[in-house]
Amino acid sequence: MSTSSLRSFEYLESLPGTVFKRLYRQPSTALAIFRRMLPHLAKSFVMALLYHSHPLPVADLEQWVRPDSRRERDQALSLLERLHILSIVLNPNSPRAYALTNPFKQSLRLALTGGGDHQSFGVPCDTPDKHSVDVDFLDDFARAQWEGILHYMVGSTGIGMQGGEEVSQGVKKLLELGGLVEIKGRRVEITQAGFSFLLQEINAQVWTLLIFYLENAESVSDMRRFRTLDPFRSQANISVCQLNMDPVDVLSFLFMLGSLELGQDYSLTTLTPTQVKMLDDLRDFGIVYQRKSSSRRFYPTRLATTLTSDAGALRTVSAGFDNALRAGGDSKGFIVIETNYRIYAYTSSPLQIAVLALFSRLSTRYPNMVAGRISRESIRRAIQTGITSDQIISYLGTHAHPQMRKNVPVLPPTVVDQIRLWQIEGERMKATGGFLFKDFVTAEEYDNLANYADEVGVLVWRSDKRRMFFVTRHEQIAAYLRNRPKKLT
Amino acid sequence: MASKRKATQGAVKASRMSRISTPGSVTPRRIESDYSHGPSGLPDQRNTIIAQNVQKLDISSFPYMLSPGIIDSASEYFQPGQKRDLTALKLKPDHHNRPLWIDGWGKLTLENFHPLAPRVQDFLTTIAEPTSRPAFLHEYRLTTHSLYAAVSVGLNPKDIIRTLKLFLKNEMPPNVIAYITHCGKSYGKVKIVLKSNKYFVETADPAVLQMLLKDPEIGPCRVQNAEEITTSVSTMAGLAIAGTKDAADMRVAERVEDQVERNSRVEEVYYAALGEDDDEDDVQDALHAFQIEDEKVGTVAQRCLALLYPALQEYDFRNDYINANLEIDLRPATQIRPYQEQGLSKMFGNGRAKSGIIVLPCGAGKTLVGVTAACTIKKGVVVLATSNMSAIQWKNEFVKWSSINPDNIAIFSSDCKSLFTGNSGIIITTYSMATNSRERAHESANMIKFLQSREWGLMLLDEVHVVPAEMFRSVIGTIKSHAKLGLTATLLREDDKIEDLNFLIGPKLYEANWMELSQQGHIATVQCAEVWCPMSTEFYEEYMKANARNRSLFCVMNPSKFQACQYLINYHENRGDKIIVFSDSVYALEAYARKLMRPYLYGGTGNAERQEILDLFRNSQHCNTLFLSKIGDTSLDLPEATCLIQISSQYGSRRQEAQRLGRILRAKRRSEEGFNAFFYSLVSKDTVEMVFSSRRQAFLADQGYAFKVITHFKNIEKTPDLAFATPEARHELLQKVIAELESKSWKQEEERESAALLADGNLFYGPDGKPSRTAVSGAGDRSAKKIVKRKSGPHSDFFRSLRRENERRKKLA
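Let me begin by describing the structure that accompanies this report. (Residues numbered from 1 in each chain as written. Chains lettered and ligands numbered in written order. Predicted model: local features only at pLDDT ≥ 70, side-chain atom pairs only at ≥ 80, totals over all residues. Heavy atoms only, no water.)

## Regarding the overall build of chain B
(1) Moving on: Counting secondary structure elements, chain B contains 30 helices and 26 strands.
(2) Moving on: The buried share of chain B, taken over its 813 residues, is 60%.
(3) Moving on: Nonlocal contacts in chain B, meaning residues at least 24 apart in sequence, comprise 77% of its contacts between residues at least 6 apart.
(4) Moving on: When the accessible surface of chain B is totalled, it reaches about 32,500 Å², and 51% of it is carbon and sulfur. (Helix = DSSP H or I, 4+ residues; strand = E, 2+ residues; numbered from the N terminus. Buried < 20%, exposed > 50% of the residue type's maximum accessible area, 1.4 Å probe, protein only. Contact = heavy atoms within 4.5 Å. Areas by Shrake-Rupley, 256 points an atom, 1.4 Å probe, with all protein chains shown as cover.)

In structure tokens, the structure reads:
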């Protein structure tokens with residue numbers, strides 16, 4: 001299961017059942033959840049039950065699955081229950097039985113057979129667009145927007161450069177709220193989570209960002225209103241202006257986007273006010289294209305239409321998109337790392353170069369290749385920003401050049417070990433939880449207490465000069481303080 | 001002949017008086033003889049001229065000026081300075097079919113997995129210096145010296161550029177084109193050839209000939225009445241390198257043909273691309289020469305350099321009827337390996353002997369290359385070895401491989417002085433004996449006289465990289481030989497001293513690829529590992545308190561290092577390996593060996609005992625581990641050894657690391673299926689050893705060796721009788737080490753070791769037991785250069801002036 005679905009699961013499962021009920025009223029959502037989120041076995045269960053008139057006894061369903069796959073069966077069933085798709089019907093007269101929950105069942109039927117006036121699959125515009133755009137344009141647009149975001153994360157300025165759009169305040173804020181970057185002074189520094197994010201495939205990245213968006217929709221949209229103002233002031237105002245964005249509206253819209261067709265323009269007429277408001281943000285991500293905010297139509301980009309494709313289709317589509325992202329680079333792998341720590345990357349993509357620069361010292365750039373080396377210093381620097389050695393190794397492994405893939409293992413073991421060791425080298429701090437006693441008025445009081453702490457064996461560290469000591473437990477000391485004879489006071 | 005001798009004896013005196021360096025592949029003695037009569041202020045002036053000229057031949061005079069062709073957000077990572085943005089050099093549309101990139105500083109990056117790679121490799125080793133040869137992408141660098149070497153084996157700049165263009169993915173930077181053209185214009189155009197004991201200035205370019213003749217300084221040097229001669233270029237056709245000529249061994253002959261065929265195929269590759277008639281080549285095939293007066297050779301050579309036409313020296317030994325021939329041939333059973341042949345064919349490429357350097361890994365048979373060269377030239381030979389021990393080994397090798405009468409081999413070392421009887425022979429001496437300027441005993445003085453009074457056909461210079469430049473100059477200036485062949489495993493690069501070497505001996509003719517030789521089974525496959533030994537808090541505290549010199553003792557006496565060593569010995573002895581343990585610290589050597597009850601050898605060991613121990617190690621099944629101090633780094637030949645453990649080492653010396661690795665590269669068992677030799681370097685964690693260790697490995701890593709880091713041995717605690725297993729034992733050891741440091745008795749042992757190294761004439765370590773000044777090699781990266789600068793002492797006058805000149809220019813710019 002890909003990281004992206006994991007991520008969206010976590011979010012979805014945290015939602016209350018009532019939200020699910022409302023979500024499943026949209027056939028597009030039901031279909032999207034079915035296609036995108038369910039493993040094959042769960043899908044089979046759903047399909048089998050979809051037109052079943054009566055609840056299916058638990059024992060019957062269990063018979064469908066071979067005994068040696070019980071684990072998979074239980075996983076699938078538990079997932080369906082958690083997503084409020086399946087429920088157990090308890091009837092005193094008959095055995096326990098499974099049935100699909102109602103709004104989901106109806107919506108999925110509608111989605112499969114068509115009909116109804118829910119318009120949850122979007123309404124194509126009925127008038128031709130005077131400023132019509134084609135698929136290539138949409139791909140370029142999406143690529144520029146998305147690369148701009150990634151660029152911003154790896155700390156390239158991206159201003160006035162090709163291949164990277166200026167990132168909006170809203171997106172910047174979102175990345176920070178999501179913990180993907182940290183703003184240190186005027187510098188943007190990528191965090192460990194941010195680096196993991198970079199290493200994901202693009203569809204997973206989109207989902208991750210969208211979940212952040214769901215969680216923080218208010219603040220992000222709010223940013224927009226203040227984008228021309230001083231960013232610091234607008235931050236202060238977030239809590240004041242609570243914009244009532246309904247998560248169900250947001251989610252339904254995202255699931256709807258996944259069912260739209262690339263290259264087709266859609267009308268805004270059926271969208272809720274929340275959804276219209278979202279368009280601005282989605283445009284910043286490169287998920288939809290709108291010529292201008294007041295335009296009455298929008299185009300989903302490839303980032304949108306692949307949101308809810310099932311895993312198989314997703315891989316190829318996203319691979320295709322990754323290709324576009326890499327701008328001519330070898331999609332299979334482009335990095336060669338040698339046993340003498342020299343690194344060569346067949347790439348011209350500024351983004352990939354920026355990622356490499358996070359953990360290596362680059363020295364030479366050719367039109368189609370960059371060369372450098374990794375060193376203790378370069379790895380330590382990366383580790384200081386929170387990137388882990390395993391992430392670096394996995395990045396090198398995932399993007400290893402086809403020539404390297406002929407080797408088993410792919411990466412030279414000595415280099416892999418060394419990268420890990422460079423990390424371990426810096427992790428020799430041992431933390432001990434406890435309590436610090438300080439600000440003693442008299443040396444006598446300090447001595448007395450510190451000595452007592454030592455006697456009872458809880459003292460870890462003391463500094464007589466600074467009248468401070470550190471203990472693992474404080475209960476005994478507190479008792480001692482209470483019980484000691486009150487002298488003069 | 002008599003008059004000639006006189007002239008050269010004058011030169012001897014002159015070169016002793018003056019410490020001027022003499023860059024230029026010409027015979028230096030003659031230059032100096034001319035100038036010894038001149039005013040005293042002149043040498044400085046001359047150095048400036050030379051400095052200017054040499055600088056004109058450096059790529060830094062041809063800066064890369066193109067601004068980046070791609071400007072995007074990644075450009076900031078490649079700002080000028082050390083970073084290089086070459087996006088201006090456009091890719092060819094079919095760049096996938098070509099394996100090579102070039103940058104604006106002469107660096108070439110080769111896709112070693114490309115189908116064309118083998119052919120390109122051949123070409124690149126001819127024109128460039130290999131700097132990194134791991135598995136996938138190899139790096140080479142065009143340097144003044146590599147181009148010099150290329151030109152001297154007969155490539156012209158046009159060919160070089162065209163062939164490069166053929167293989168390059170990207171466009172060639174104009175400055176590099178200009179640089180190659182410029183070097184080509186100067187290099188290899190003029191040769192000074194000693195033929196039938198007459199000196200000729202020879203060139204293939206009539207224009208150059210005319211220019212030289214019209215030159216106010218060279219013109220008058222021409223011997224009047226002698227005709228200008230035009231001959232056709234002699235080819236290798238008439239000559240077979242010894243060892244390949246043996247009709248008895250047809251396979252060898254076939255190999256030569258293969259070799260020639262291969263060479264011609266390589267040439268085809270780079271001439272086919274030219275798509276040009278051979279007309280021009282025909283014209284160039286004619287050689288023009290004029291005779292010059294013997295005494296004026298120096299003047300001519302120096303003037304040639306000033307005119308930016310440094311003269312190459314070649315020895316037409318087949319037409320040397322003056323010097324007596326030497327009865328020497330390879331034994332019929334002796335076979336030389338393909339790469340040795342390749343190196344030699346570079347040396348004898350045009351039927352004459354070129355001077356130069358051949359670089360082969362330790363254990364790859366450098367000696368045999370020297371012996372074969374001697375058997376090809378068949379004239380008197382001088383061998384310069386690095387120590388007394390190695391002098392004796394050279395003699396043994398000559399007897400082993402060639403048919404020479406052992407009486408015709410003389411040795412001149414501090415503990416052996418013998419002469420040969422015939423009118424030609426081989427003399428083997430050490431650098432320190434040949435250059436010792438202190439008062440000599442009568443016997444030695446006679447030997448020196450003997451050495452210096454003769455004209456030798458070939459001078460073999462062993463381990464050229466360790467010999468200080470001053471020593472070189474003195475050796476080359478005082479001993480007269482027609483051809484010089486330098487042999488080494490680790491040729492220093494980017495080091496001023498190497499400039500000296502290239503000018504004093506000649507260009508690097510050949511450099512073997514370690515990994516390739518290892519894959520072909522010529523040298524053993526080695527698994528390298530660095531073992532991290534944690535230091536206990538107690539030891540570490542003492543370590544932190546100690547001064548830099550004493551710290552190393554704590555590093556090596558670290559109990560967990562001892563345990564690791566014990567574990568490894570145990571493990572490898574059980575596997576049937578023969579183990580050498582190296583320690584630079586004599587105290588530790590003794591402590592380890594005594595505790596583990598294994599024999600040890602160091603400088604203070606008596607000769608008889610040494611021999612006994614070595615025999616025991618070689619022959620006995622009960623003696624499988626030997627502890628060796630620095631004296632074992634180089635000269636000892638122990639092909640039985642299959643495993644090396646290094647417990648203490650000399651700072652960041654890459655050379656020592658490579659040299660020690662060389663001890664197991666020639667392992668007898670190397671040809672066994674799946675055989676691996678092992679090289680362990682034990683370092684104490686969190687100490688200076690860690691830093692030095694990575695520096696030491698740099699050279700080998702660039703040759704493609706991978707060092708595995710081992711942080712923990714499984715079941716080490718189950719080692720029988722594991723030493724220092726209890727805290728008490730460790731504490732006791734610590735107290736002992738502290739007491740040892742206070743008593744300073746260990747220093748006496750170190751002194752004895754140093755004295756022994758000195759007595760042995762060992763050049764690898766200076767009188768203080770530290771590596772000699774040239775020992776820290778630079779393989780092209782900046783960190784290495786920094787070390788060189790810090791550690792090397794004052795440079796020669798010549799290079800000082802060169803540097804001054806450079807700095808002045810920088811200021812002006």
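Past the structure itself, the notes keep going.
## Some details on the overall build of chain A
(1) Moving on: Along its length, chain A carries 23 helices and 15 strands.
(2) Moving on: Put simply, chain A has 489 residues, and 52% of those count as buried.
(3) Moving on: Counting only contacts in chain A whose residues sit at least 6 apart along the sequence, the fraction spanning at least 24 positions is 66%.

## A short note on the nonpolar core
(1) Moving on: Counting residues in hydrophobic clusters, the biggest one holds 132 residues, and the most contacted among them are A:Phe285, A:Phe298 and A:Phe359.
(2) Moving on: Filtering out sequence-adjacent residues up to four positions away, A:Phe285 remains in contact with A:Gln145, A:Trp146, A:Ile149, A:Val171, A:Leu174, A:Leu209, A:Leu210, A:Tyr213 and A:Leu303.
(3) Moving on: Of all hydrophobic cores here, the second largest spans 73 residues; its members include B:Ile523, B:Leu638, B:Ala641 and B:Phe675. (Core = buried A, V, L, I, M, F, W, Y, C linked by side-chain atoms within 4.5 Å.)

## A few points about unusual backbone geometry
(1) Moving on: Going from A:Val408 to A:Pro409, the amide bond is cis rather than trans, its omega being -10°.
(2) Moving on: Structurally, A:Pro409 can be placed in the loop between helix 20 (402–405) and helix 21 (413–425).
(3) Moving on: Even without being glycine, B:Lys378 reaches a positive phi, approximately 60°.
(4) Moving on: Looking at the element boundaries, B:Lys378 is found in the loop between helix 13 (366–377) and strand 13 (381–385).
(5) Moving on: Note on B:Lys378: relative accessible area 21%, which makes it partly exposed.
(6) Moving on: Backbone geometry places B:Asn715, a non-glycine residue, at a positive phi of 60°.
(7) Moving on: Assignment of secondary structure puts B:Asn715 in the loop between strand 26 (707–710) and helix 27 (727–743).
(8) Moving on: For B:Asn715, a relative accessible area of 39% translates into the label partly exposed.

## Overview of the interface of chain B and chain A
(1) Moving on: The interface is formed by 47 residues belonging to chain B together with 40 residues belonging to chain A.
(2) Moving on: The contact between chain B and chain A buries some 3,700 Å² in all, and 57% of this surface belongs to carbon and sulfur atoms.
(3) Moving on: Here B:Asp702 ties to A:Arg342 by a salt bridge, and the two come within 3.4 Å at their closest N and O atoms.
(4) Moving on: Linking chain B with chain A are 15 residue pairs in polar contact (both at pLDDT 80 or more).
(5) Moving on: Within the residue set of the side of chain B that touches chain A, elements represented by two or more residues are strand 1 (84–85), strand 2 (100–102), strand 3 (107–111), strand 4 (129–132), strand 5 (137–141), helix 26 (688–702) and strand 26 of chain B.
(6) Moving on: Its residues assigned to classes, the side of chain B that touches chain A shows 21 nonpolar, eleven polar and 15 charged.
(7) Moving on: Inspection of the sheet shows strand 11 (residues 361–366) of chain A paired to strand 1 of chain B by two bridges, in the parallel sense. When the sheet's bridge partners are listed, A:Thr364 is paired in strand 1 of chain B with B:Arg84. (Buried area = accessible area lost by both parts, 1.4 Å probe. Salt bridge = Lys/Arg side-chain N within 4 Å of Asp/Glu carboxyl O. Polar contact = N/O pair within 3.5 Å; in protein donor to acceptor, adjacent residues only side chain to side chain. Nonpolar A, V, L, I, M, F, W, Y, C, P; charged D, E, K, R; others polar. Pairing = 2+ DSSP bridges.)

## Points about the pairing of strand 25 (residues 677–684) of chain B
On a regular strand, one side chain projects to one face of the sheet and the next to the other, so that they alternate.
Residue and element names in this part refer to chain B.
(1) Moving on: Counting buried residues along strand 25, eight of its eight residues qualify, which places the element largely inside the surrounding structure.
(2) Moving on: The alternating pattern of strand 25 places Ala677, Phe679, Ser681 and Val683 on one face and Phe678, Tyr680, Leu682 and Ser684 on the opposite face, and all of these are buried.
(3) Moving on: In this sheet, strand 25 lies alongside strand 20 (residues 526–533) in parallel orientation, the contact comprising eight bridges. Of the residues in strand 25, the one forming a bridge with Trp532 is Val683.
(4) Moving on: As paired elements, strand 24 (residues 643–646) and strand 25 share four bridges and run parallel to each other. Bridge pairing in strand 25 links Cys643 to Phe678.

## So, the packing of helix 20 (residues 537–545) of chain B against helix 21 (residues 548–557) of chain B
Residues and elements named next belong to chain B.
(1) Moving on: Where helix 20 contacts helix 21, the two axes come as close as 8 Å, and the packing angle between them is 165°. With respect to each other, helix 20 and helix 21 are oriented roughly antiparallel. Helix 21 is crossed by helix 20, and the crossing has left-handed handedness. Across from Phe539, Glu542, Tyr543 and Met544 in helix 20, the residues of helix 21 making contact are Arg551, Phe554, Cys555 and Met557.
(2) Moving on: In terms of residue class, the contact of helix 20 with helix 21 is made up of six nonpolar, no polar and two charged. (Axes fitted to C-alpha atoms, helices over the stretch in contact; angles between N-to-C directions. Parallel < 35°, antiparallel > 145°, perpendicular 65-115°, else oblique. Left-handed = near helix turned anticlockwise from the far one by under 90°.)

## Concerning the sheet that holds strand 11 of chain A
(1) Moving on: Within the open sheet, the five strands sit side by side as 9(A)-10(A)-12(A)-11(A)-1(B). Their pairing is mixed. This sheet does not close on itself; its edge strands, each paired only once, are strand 9 (335–337) of chain A together with strand 1 of chain B.
(2) Moving on: As paired elements, strand 9 of chain A and strand 10 (residues 342–345) of chain A share three bridges and run antiparallel to each other. Across the sheet, A:Val336 pairs through a bridge with A:Tyr344, a residue of strand 10 of chain A.

## A closer look at the pattern of salt bridges
(1) Moving on: This structure, assessed with the given rule, holds 29 salt bridges over all chains.
(2) Moving on: Notably, a salt bridge pairs A:Arg302 with A:Asp139, separated by 3.0 Å at the nearest N-O pair. Of this pair, A:Arg302 sits in helix 15 (residues 302–305) while A:Asp139 sits in helix 8 (residues 135–153), placing them 163 residues apart in sequence.
(3) Moving on: A salt bridge links B:Asp615 to B:Arg618; the shortest N-O distance between them is 4.0 Å.

## Side note on the packing of aromatic side chains
(1) Moving on: Scanning the entire structure with this criterion turns up 39 aromatic pairs over all chains.
(2) Moving on: Taken together, a centroid distance of 5.6 Å and an interplanar angle of 50° make the contact between A:Tyr341 and A:Trp422 tilted. Of the two residues, A:Tyr341 sits in the loop between strand 9 and strand 10 while A:Trp422 sits in helix 21, which places them 81 residues apart along the sequence. We note that A:Tyr341, like A:Trp422, is buried.
(3) Moving on: Seen from their ring centres, B:Phe420 and B:Phe450 are 5.3 Å apart, and the 70° between their planes marks the pair as edge-to-face. (Phe/Tyr/Trp six-rings, centres within 6.5 Å; stacked < 30°, edge-to-face > 60°.)

## Re the pairing of strand 17 (residues 455–462) of chain B
Residue and element names in this part refer to chain B.
(1) Moving on: Buried residues dominate strand 17, accounting for seven of its eight residues.
(2) Moving on: As judged from the four bridges shared by strand 13 and strand 17, these two strands associate in the parallel manner. Residue pairing for strand 17: Val382 is matched across the bridge by Met459.
(3) Moving on: With seven bridges joining them, strand 17 and strand 18 (residues 480–488) adopt parallel strand pairing. Its bridge partner being in strand 18, Met459 is matched across the sheet by Lys484.

## A word on the sheet that holds strand 4 of chain B
Residue and element names in this part refer to chain B.
(1) Moving on: Judged by pairing direction, the sheet is antiparallel, and its four strands sit side by side in the order 2-3-5-4 without closing on themselves. Taken across any chain shown, the strands that pair with only one partner, and hence form the sheet edges, are strand 2 and strand 4. Averaged over all adjacent pairs, the angle separating strand axes in this sheet is 30°, with direction ignored.
(2) Moving on: Of the pairings in the sheet, the one linking strand 4 to strand 5 comprises three bridges and is antiparallel in character. Across the sheet, the residue bridging to Glu129 is Arg141, located in strand 5.
(3) Moving on: Those strands touched by helix 4 (residues 117–127) are strand 2, strand 3 and strand 5, and its axis lies near 160° from that of strand 3.

## A word on a nonpolar patch on the surface
(1) Moving on: Among the surface-exposed residues, A:Met47, A:Tyr51 and A:Leu112 lie close enough to one another that they form a single nonpolar patch of about 300 Å² accessible area.
(2) Moving on: With respect to the element layout, A:Met47 can be found in helix 4 (residues 40–50). (Patch = residues over 30% accessible without salt bridge, like charges linked within 9 Å, V, L, I, M, F, W, Y side chains within 5 Å.)

## Side note on helix 13 of chain B
Because the α-helix completes a turn every 3.6 residues, residues three or four places apart line up on one side.
Residues and elements named next belong to chain B.
(1) Moving on: An ideal rise of 1.5 Å per residue puts 16 Å on twelve residues; helix 13 measures up with 17 Å between its terminal C-alpha atoms.
(2) Moving on: In terms of burial, helix 13 is a largely internal element, eleven of the twelve residues being buried.
(3) Moving on: Lys366, Leu368, Val369, Gly370, Val371, Thr372, Ala373, Ala374, Cys375, Thr376 and Ile377 are the residues of helix 13 that are buried.
(4) Moving on: Just beyond helix 13, the residue with positive phi is Lys378, at close to 60°. (Expected span 1.5 Å × (residues − 1).)

## Here we look at helix 8 (residues 206–214) of chain B
Residues and elements named next belong to chain B.
(1) Moving on: All buried positions along helix 8 are accounted for by Val208, Leu209, Leu212 and Leu213. Along the axis of helix 8, the buried positions cluster into a sector of 135°, meaning they face one direction only. Away from its buried face, by an angle of more than 90 degrees, helix 8 presents the exposed residues Ala207 and Lys214. (Arc of directions from axis to C-beta.)

Scope: geometric values only; no functional claims are made or implied.
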